[in-house]
Amino acid sequence: MKKIQQGFTLIELMIVVAIIGILAAIAIPQYSDYMIRARLSKVAAAVDPIKMAVAEYAQFNGISGTTFTGLTADNWTGPQTSGGLGLTATPSMPREVSAWNLGATTGVITATMANVGACADTKTITWTPTVGSTAVTWGVSGTAAAAANGVCTTELAKWR
């Protein structure tokens, strides 16, 4: 009589487990990088309304270069005529930002990060405006350390 095979052999199961292990070893770090990039993009999107308000302040007050005469630190809601940005409220912070700061007389915007990842938590990203004749350009720098794979450094470089 022939014996009919019922199920998988131990070798076949071990091969399947090994393949799943290899795929997981590749996929998990990639997923982590993706999550950090997604969180950093939320920070970049959240700062856009503040950048717009700083640009409007420069236009309203006839500012050129890097000195924002009359701008007071963290004056989000004050009128543009007295050193404020004229926003209706303090800028909302996504979960990835623990604090916003606005530099007096410089217009520099600083975001202190949280809940991003090991390379960025408690670190800062700084946007520095330069007012030209037709546009405001923004220099980006940060204290976010390069992770082993450089994901934070790579993302910050994209904002420059």
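Because the structure is a prediction, the values reported are computed rather than measured.

**Student:** Account for helix α1 (residues 10-60), naming residues and giving values.
**Tutor:** With 51 residues, α1 ought to run about 75 Å at 1.5 Å a step, and its terminal C-alpha atoms sit 75 Å apart, in line with that. Of all the bends found along α1, the most pronounced is centred on D48 and spans about 35°, while P49, a proline, follows it within four residues. Those residues of α1 lying buried are D33, I36, L40, V43, A44, V47, I50, K51, A53, V54, Y57 and A58. G62 sits one or two positions beyond α1 and adopts a positive phi of about 65°.

**Student:** Tell me about the sheet that holds strand β4 (residues 136-142), and please be specific about residues and values.
**Tutor:** Sheet architecture is open: 4 strands sit in the order β1-β2-β3-β4, paired in antiparallel fashion. Two strands lie at the open edges of the sheet, namely β1 (97-102) and β4, each paired on one side alone. Within the sheet, the average angular offset between the axes of one strand and its neighbour, ignoring direction, is 20°. Bridge count for strand β2 (residues 109-113) against strand β3 (residues 124-131) is 4 bridges, and the pairing is antiparallel. If you follow A111 over to β3, its bridge partner there is I125.

**Student:** Please give an account of the packing of aromatic side chains that cites residues and values.
**Tutor:** In this description, an aromatic ring pair is defined by two values, namely the gap between the centres and the angle between the planes. Counted under the stated rule, the structure contains 2 aromatic pairs. Each ring, one from Y31 and one from Y34, has its centre 6.5 Å from the other, and the planes form 35°; the classification is tilted. Linking Y31 with Y34, this pair stays in helix α1, spanning 3 residues, or about one helical turn. Ring geometry for Y57 and F68: centres 6.4 Å apart, planes at 25°, overall stacked. Within this pair, whereas Y57 is found in helix α1, its partner F68 is found in the loop between α1 and β1, the two being separated by 11 residues in sequence. Owing to a relative accessible area of 2%, Y57 belongs among the buried residues under this scheme.

Here is what the cut-offs are and how they apply
- Residues numbered from 1 in each chain as written.
- Predicted model: local features only at pLDDT ≥ 70, side-chain atom pairs only at ≥ 80, totals over all residues.
- Heavy atoms only, no water.
- Helix = DSSP H or I, 4+ residues; strand = E, 2+ residues; numbered from the N terminus.
- Expected span 1.5 Å × (residues − 1).
- Bend = angle between axes of the 7 residues up to and from the residue.
- Buried < 20%, exposed > 50% of the residue type's maximum accessible area, 1.4 Å probe, protein only.
- Pairing = 2+ DSSP bridges.
- Axes fitted to C-alpha atoms, helices over the stretch in contact; angles between N-to-C directions.
- Phe/Tyr/Trp six-rings, centres within 6.5 Å; stacked < 30°, edge-to-face > 60°.

Keep in mind these numbers describe shape, not what the thing actually does.
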